[in-house]
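Below are the chains, spelled out letter by letter.
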Amino acid sequence: VGILADGVLRARLAGLWSAAVETAGTAGVLTLVAVGGLAGVALLALPPVRGAIISRLAPLGRGQWRALPLMRAFASYLALCAFHAGLLALLVASLHPAPITWGEAAAADGCSWLIGFFAIGVPGGIGVREAGISWFLEPHLALSGAMAVAVLWRALQVAAELSALAASLAWG
């Protein structure tokens, strides 16, 4: 908690992102992330790796994993993350004239999601994820504005999930 409070982590993340963007450009960094993710999927498709995973999951009743559905799922998730980042950037722009780039929105959304995910004992990371988004957006917005964006962002995500549930139940 102390490292988060004094801004060391924020400075390190910002420094890492800036150095990567200066070296390769935003498109280069995003390409590197995408290629790295695809390499991870390819690694999972290797027979020894896949065999080790399947043997560990066998007690859970899992069947064999095929590479193509796994890569499709990864591509879909990557598209979803890009879409989320764009929506968050639009939400910030609609509420505040603060300059926030797509990459900053992606970093804020992704990092805050991970912070909420690893907040063991907090259902859905409620409150923790919002604090993370507020913390990442605070350099661009006043704290009250960052908190408003975080709460609205959570509300939009809950509404989207409930809409998807209703559609799937109606579809059958």
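In what follows, the accompanying structure is described. Each residue is numbered by its place in its chain's sequence as written, counting from 1. Only residues with pLDDT of at least 70 are given local features in this predicted model, and only at 80 or more are side-chain atom pairs given and counted; all residues enter the totals for whole chains, interfaces and linings. The basis for every side-chain value is the complete set of non-hydrogen atoms in the structure, without hydrogens or water.

Our next topic: the packing of aromatic side chains. Here a pair means two rings of Phe, Tyr or Trp (six-membered ring of Trp) with centres within 6.5 Å. Their orientation is stacked below 30 degrees between planes, edge-to-face above 60, and tilted elsewhere. Under the counting rule described, the total for this entry stands at three aromatic pairs. Both rings, one in Phe117 and one in Phe118, keep their centres 5.1 Å apart while their planes meet at 85°; by these two values the pair is edge-to-face. Phe118 gets classed as exposed once you look at its relative accessible area, which sits at 56%. Centre to centre, the rings of Trp135 and Phe136 are 4.7 Å apart; their planes meet at 75°, and the pair counts as edge-to-face. Three exposure classes are used, based on accessible area relative to the maximum for each residue type with a 1.4 Å probe and protein chains only: buried under 20%, partly exposed in between, and exposed over 50%. A residue is classified by how much of its surface remains accessible, and Phe136, at 16% relative accessible area, is buried. Each member of the aromatic cluster is reached from another via a ring pair, and the members are Trp113, Phe117 and Phe118.

What follows covers helix α7 (residues 143-171). Secondary structure elements are defined from DSSP: runs of H or I of at least 4 residues count as helices, runs of E of at least 2 residues count as strands, and each element is numbered from the N terminus. Given a helix with a known number of residues, its expected span is that number minus one, times 1.5 Å. Its 29 residues give α7 an end-to-end C-alpha distance of 42 Å, which sits within 8% of 42 Å, the value for a rise of 1.5 Å per residue. Every buried residue of α7 is listed here: Gly145, Ala146, Val149, Ala150, Trp153, Arg154 and Gln157. The contact definition used throughout considers only heavy atoms, calling two residues in contact when any of these lie within 4.5 Å. Of the surrounding elements, those touching the buried residues of α7 are α4 (67-95), α5 (102-117) and α6 (128-137).

In this section: the environment of Ser163. Position of Ser163 relative to the elements: it lies in helix α7. You can call Ser163 partly exposed: its relative accessible area is 46%. Here a polar contact means two N or O atoms within 3.5 Å. Within protein one must be a hydrogen donor candidate and the other an acceptor candidate, and residues neighboring in sequence count only if both atoms are side-chain atoms. Within the structure, Ser163 has its side chain in polar contact with the backbone oxygen of Ala159 (distance 2.8 Å).

Mapped onto the elements of the fold, Arg154 is located in helix α7. Judged by its relative accessible area of 13%, Arg154 falls in the buried class. Those residues in contact with Arg154 that lie beyond four places of it in its chain are Gly124, Gly125, Ile126, Gly127, Arg129 and Glu130.

Moving on, we get to a nonpolar patch on the surface. For patch building, the residue pool is restricted to those with more than 30% relative accessible area and no salt bridge; the joining distance is 9 Å between like charges and 5 Å between nonpolar side chains (Val, Leu, Ile, Met, Phe, Trp, Tyr). For accessible areas, the Shrake-Rupley method is used with a probe of radius 1.4 Å. Any residue's cover is judged against the shown protein chains and nothing else. Salt bridges are identified by distance alone: a Lys or Arg side-chain nitrogen within 4 Å of an Asp or Glu carboxyl oxygen. Residues Tyr77, Leu80, Phe83, Leu87, Leu90, Trp113, Leu114, Phe117 and Phe118 make up a contiguous nonpolar surface patch of about 940 Å² in total accessible area. If you list the elements that add at least two residues to the nonpolar patch, you get α4 and α5. When residues in the nonpolar patch are grouped by element, the largest group, five residues, is from α4. Within the element layout of this structure, Tyr77 appears in helix α4.

Attention now moves to the nonpolar core. For the purposes of this section, nonpolar cores are sets of buried Ala, Val, Leu, Ile, Met, Phe, Trp, Tyr and Cys residues that join through side-chain atoms within 4.5 Å. Counting 18 residues, the largest nonpolar core has Leu88, Val92, Ala105, Leu137, Leu141 and Val149 as its most contacted members. Secondary structure elements with two or more residues in this core: α4, α5, α6 and α7. With five residues, α4 is the single largest residue contributor to this core. Those residues in contact with Leu141 that lie beyond four places of it in its chain are Val92, His96, Ala98, Ala146 and Val149.

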